[in-house]
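Structure at a glance
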Amino acid sequence: MRFLVQLAVVGFAGATLGLVLNAASPHPARLFNPVYPSSLSSGVQTCGEEPEAVRRVHGHAIMPQAEAVAACNSCTVAFVDARGAAAFAQGHIPSAVHLMPAGHPDEQATIARLGAYTTVVVYDSGGGCGLAEGVADRLAAHGLGDVRILDGSWKEWQAAGGPAQSGACQTCEGTAR
Amino acid sequence: MKPAEKNLVLLFVRVVLGAVFFYAALAKIPNMELFAEETANYRLLPAAWIPFFAVSLAGVEILAGAMLVAGVLVRPATIVTAGLLVAFIIALSQALLRGINLSCGCFGGAELASWQTVGRDLVMLAACGTLLKWGHGTWRLRNKAPYSGA
């Protein structure tokens, strides 16, 4: 009996400690907001549907536009813009990060911030330039686990009415070209 | 194995196990929102339960880990840890068998769930079994301090 009480005390004290730590966290879980799954579930089937094969480029999964729009609206993934600073300043996916060149002093800090997200989605201007693939490879080489490439490009995102914002990135302010 | 050596091994197992749990929980604290989302991705619990469950889970992990390291109420802490590990193994296995592509949420980073993650949990579960069967080791190098004489 005493042992069961000890177990209950550990469970209760742990849960209470969790609430305290959550309150102290810079990004606390919102306790009264339901949290829904956000990951790509390639194996979970809905009745009557064929499982869709996960397409890959350079070993990175492709994220369909519709899924990316939903993820953008729920702020559940980080977007990385692989285009030039000027194109980024003219318009980009809200909260997208404009990744600075390799070796830039802020590179490590930016990649570390991206590491807080389960999934990172990279996009470019399309046209087969392979910028998104290159940046995705670079992020994966820095240890980011789930790096995906947006299906289509920025132009298609805009054409589909995806959310957008404009303005230069903090690092590129005044240097956009 | 001599009692003193056995004690040292058990002490090592307990402290390492506790430190892993303590660190795993500590790494989640800076972004509990993300951890709640990672918990939801296992698709095992209703969405409304997820935040409370995730927060409680991190708290229990950190407390059990600290108790194991400090040697306080070691048996209940070991059983709680073993229970958590069994739950993790079941959750990970069902996700992998269902083909859910997710971050395991183990150490607050972006580590993808894999069968290696399940294997790591099984090793830690075996460590819990060792502590429950053979004792938890104490902060001493010998069972009895020999009198060295004048």
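Residues numbered from 1 in each chain as written. Chains lettered and ligands numbered in written order. Predicted model: local features only at pLDDT ≥ 70, side-chain atom pairs only at ≥ 80, totals over all residues.

Below, the discussion takes up the overall build of chain A. Along chain A, the regular secondary structure elements total six helices and six strands. Scanning chain A from its N terminus toward the C terminus, one meets helices and strands in the order α-β-β-α-β-α-β-α-β-α-β-α. Within chain A, residue pairs in contact and separated by at least 24 positions form 69% of the contacts whose partners lie at least 6 positions apart. (Helix = DSSP H or I, 4+ residues; strand = E, 2+ residues; numbered from the N terminus. Contact = placed C-beta atoms within 7 Å.)

With that settled, the discussion passes to the confidence of the model for chain A. Residues and elements named next belong to chain A. The predicted model of chain A averages 77 in pLDDT, with 79% of residues at 70 or higher. When the criterion is pLDDT under 50, residues 39-53 qualifies, and its contacts beyond four places in sequence or with other chains add up to 22 contacts. Of the regions scoring below 50 in pLDDT, residues 173-177 engages in eight contacts with residues more than four places distant in sequence or in other chains. (pLDDT = per-residue confidence, 0-100.)

Let us look at the interface of chain B and chain A. On the side of chain A, 40 residues touch chain B, which itself brings 41 residues to the contact. Secondary-structure elements contributing two or more residues to the side of chain B that touches chain A are α2 (32-40), α3 (50-70) and α4 (74-98) of chain B. Looking at the side of chain B that touches chain A, the element that brings in the most residues is α3(B), giving 12 residues.

Let us now look at the nonpolar core. In this structure, Met32(B), Ala36(B), Ala54(B), Ala58(B) and Ala64(B) are the most contacted members of the largest nonpolar core, which totals 46 residues. Residue assignment for this core shows that the elements contributing at least two residues are α1 (2-24) of chain A together with α1 (3-28), α2, α3, α4 and α5 (115-134) of chain B. Sorting elements by how many residues they give to this core places α3(B) first, with 12 residues. Not counting residues within four places of it along the chain, the set of residues in contact with Ala64(B) comprises Val10(A), Gly14(A), Phe21(B), Ala77(B), Val80(B) and Thr81(B). Grouped together as the second largest cluster of nonpolar side chains are 29 residues, Leu114(A), Leu139(A), Leu144(A) and Ile149(A) included. (Core = buried A, V, L, I, M, F, W, Y, C linked by C-beta atoms within 7 Å. Buried ≥ 20, exposed ≤ 12 C-beta atoms within 10 Å, placed from the backbone.)

This brings us to α1(B). Residues and elements named next belong to chain B. Taking 1.5 Å per residue, 26 residues should reach 38 Å; α1 reaches 38 Å between its end C-alpha atoms and fits that length. Looking at α1, one finds that the buried residues are Asn7, Val13, Arg14, Leu17, Gly18, Val20, Phe21, Phe22, Ala25 and Lys28. Packing partners of the buried residues in α1 comprise α2, α3, α4 and α5. (Expected span 1.5 Å × (residues − 1).)

Over its 21 residues, α3(B) runs 30 Å from end to end, which matches the ideal 30 Å to within 8%, given 1.5 Å per residue. The element α3(B) is extensively covered by neighbouring structure, given that 16 of its 21 residues are classed as buried.

Turning our attention to the environment of Ala136(A). All names here are of chain A. Of note, alanine 136 is situated in helix α5 (residues 131-141). Overall, the presence of 27 C-beta atoms within 10 Å leaves alanine 136 in the buried class. If sequence neighbours within four positions are ignored, alanine 136 has contacts with His58, His60, Val122, Val147 and Ile149.

Attention now goes to the confidence of the model for chain B. Residue and element names in this part refer to chain B. Taken as a whole, chain B shows an average pLDDT of 86; of its residues, 90% reach a score of 70 or greater. pLDDT under 50 marks residues 140-150. Its contacts with residues more than four places away, or in other chains, come to seven contacts. Confidence metrics for the complex model read pTM 0.58 and ipTM 0.83.

So, on to the environment of Ala27(B). Position of Ala27(B) relative to the elements: it lies in helix α1. Contacts of Ala27(B), omitting those with residues within four sequence positions, involve Phe107(B) and Gly108(B).

Right, let's get into the pairing of strand β3 (residues 78-81) of chain A. Residue and element names in this part refer to chain A. Side chains of β3 alternate between two faces, with Ala78 and Val80 and Phe79 and Asp81 buried alike. Where β3 and strand β5 (residues 119-123) come together, four bridges link them in parallel fashion. Across the sheet, phenylalanine 79 pairs through a bridge with valine 121, a residue of β5. Here β3 pairs with strand β4 (residues 97-98) via two bridges, running parallel. Bridge assignment links valine 80 to a residue of β4, and that residue is valine 97. (Pairing = 2+ DSSP bridges.)

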